[in-house]
Amino acid sequence: MTEVARRLKKEFLDLLEKDLEFRYAVAGFLGFSEILRRLDEHDKKFEEILAETRALREDQHKLWEGQNKLWENANKLWEEVKSLREDQHRLWEEVRGLREGQSRLWEEVKALREDQHKLWEEVRGLREVYVKLEGRVTGLERAVATLARTVGATLNDFVASFVEEMLRLSSVPEEKIKVSASARIVYGETVREVDLFNVDPLVVGQVTTYISSIDEAKSELDKLLEDVRFIERITGKKVFMAILAVENAPSDVVEFLEAECEKLGLKFIPGRLITKISAR
């Protein structure tokens, strides 16, 4: 092939590739023009389809992105709802706690009112007992005064009558009240003399006209406690009432005896009361 032929061939091929009109002319010459035209149309349609497909994919991608955002927003919304429900639950727990606390408070108020009512009942009862005691003491004073004037009663007699009235106020049956103003108790070879004694309930007491000092007061207390232990041992019973009556003593001795008797569970009858009774 000559150089001219090669050059013409190359130019011909270049025109076929680049010049559409020339390509159609050659195709028409060869009988392929209609086929090429349709192929070109198909190429255009295919490009359009590709463009549409590309656009659909982009739209689909945007749709998926939108849907993902919707799910994210929905999840956030559910989290908010869950948080609100938890807050509501805590709020109801607080309300329930407040109601329970209020209920307990009302129970406390009710209990306090009941206790207050009981306290007033106790005060009323104590007032009634005080009135009875005052009346009985007055009667006792008169009775003892009469006894003293008629038979010349001793200090022990005064105190024994007073102790009998104390037993009545303690709801002891009358038939069991018989306080001796002096008793001599013998057990084997042991003999003890007590100034006050009642069999049932068991009452033991010491009566003295004067105590000058605290040391002497301690001695009298020890003597009374020895009497109590002795009588409890021989009778096998607990003493119901142990009494120390003192007609006269200095004020410091009286204060000491009042405090010690209260601490030891003993009954102390001071001289001011004995003097009041005997003076009637």
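Note that the structure is predicted; figures quoted are calculated from it, not measured. (Residues numbered from 1 in each chain as written. Predicted model: local features only at pLDDT ≥ 70, side-chain atom pairs only at ≥ 80, totals over all residues. Heavy atoms only, no water.)

This part takes up the sheet that holds strand 3 (residues 196–198). Taken in spatial order, the four strands line up as 3-4-5-6 in an open sheet, and their pairing is mixed. Bordering the open sheet on either side are strand 3 and strand 6 (267–269), each of which pairs with just one other strand. Adjacent strand axes in the sheet meet at a mean angle of 15°, parallel and antiparallel pairs treated alike. Alignment of strand 4 (residues 203–210) against strand 5 (residues 241–248), held across seven bridges, turns out to be parallel. Note on strand 5: the bridge partner recorded for Val207 is Ala245. In the packing of helix 5 (residues 214–235) onto the sheet, the strands contacted are strand 3, strand 4 and strand 5, and the crossing angle to strand 4 comes to about 160°. (Pairing = 2+ DSSP bridges. Helix = DSSP H or I, 4+ residues; strand = E, 2+ residues; numbered from the N terminus. Axes fitted to C-alpha atoms, helices over the stretch in contact; angles between N-to-C directions. Contact = heavy atoms within 4.5 Å.)

Working definition: an aromatic ring pair is given by the centre-to-centre distance plus the angle between the planes. One pass over the structure, following the stated rule, counts one aromatic pair. Here the aromatic rings of Tyr187 and Phe230 are separated by 6.4 Å at their centres, their planes lie at 80°, and the arrangement is edge-to-face. One end of the pair, Tyr187, is in strand 1 (residues 183–187); the other, Phe230, is in helix 5, and 43 residues separate them in sequence. Judged by relative accessible area, which is 5%, Phe230 ranks as buried. Residue placement shows Arg192 over the ring face of Phe230; its charged tip is 5.7 Å from the ring centre. (Phe/Tyr/Trp six-rings, centres within 6.5 Å; stacked < 30°, edge-to-face > 60°. Buried < 20%, exposed > 50% of the residue type's maximum accessible area, 1.4 Å probe, protein only. Lys NZ or Arg CZ within 6 Å of the ring centre and 35° of its normal.)

Just distances and angles here, no functional claims.
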